[in-house]
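Overview (structure and organization)
The chain contents come next:
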Amino acid sequence: VSLNLIQQALPHLVPLLTVTLTKRQSEDDDDTWSLAMAAGTCLALVAQVVGDGCVDLVLQFVNGNFTNQDWKYREAAVLAYGSIMEGPTSEKMR
């Protein structure tokens, strides 16, 4: 029996995860497990569970940060988009 808990939590969960993607310390920590990497993994799993339901929330973050002056926000926007590639339908991702 599914209670759709993740779907219900999306308005709170997705903003928390996308902001956490910005918590990189340096450009050199690609090989070290970090809070940002954990957030990306969690966002990917959320996308697999809820599918199209997370796309609009993630795209709000992506659109708001893709041209940010701070590299952490630009990189987080790309990572957020990449994290939801599996789960949502290809029609929704266009």
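Everything that follows concerns the structure shown earlier in this document.
These remarks concern the structure in this document. From a predicted model like this one, the values you see are computed outputs, not experimental measurements.

**Focus on the overall build of the chain**
Counting its regular elements, the chain contains four helices and zero strands. Ordering the α and β elements of the chain from the N terminus gives α-α-α-α. The globule rule puts the C-alpha radius of gyration for 94 residues at 12 Å, and the 13 Å found for the chain is close to it. Projected onto its principal axes, the C-alpha positions of the chain cover 45 × 25 × 20 Å.

**Side note on the nonpolar core**
Counting 20 residues, the largest nonpolar core has L43, C54, V58, A80 and I84 as its most contacted members. Top element by residues in this core is helix α2 (residues 35-50). It accounts for five residues. In contact with I84, other than residues within four places in its own chain, are L43, A47, C54, V55, V58 and M93.

**Remarks on the environment of E86**
Inspection of the secondary structure puts E86 in the segment after α4 (71-83). Placed 42 residues apart in sequence, E86 and A44 show a C-alpha to C-alpha distance of 7.2 Å. Contact partners of E86, with chain neighbours within four places excluded, come to A44, A47 and Q48.

About the thresholds
- Residues numbered from 1 in each chain as written.
- Predicted model: local features only at pLDDT ≥ 70, side-chain atom pairs only at ≥ 80, totals over all residues.
- Heavy atoms only, no water.
- Helix = DSSP H or I, 4+ residues; strand = E, 2+ residues; numbered from the N terminus.
- Rg over C-alpha atoms; globule rule 2.2 N^0.38 Å.
- Core = buried A, V, L, I, M, F, W, Y, C linked by side-chain atoms within 4.5 Å.
- Buried < 20%, exposed > 50% of the residue type's maximum accessible area, 1.4 Å probe, protein only.
- Contact = heavy atoms within 4.5 Å.

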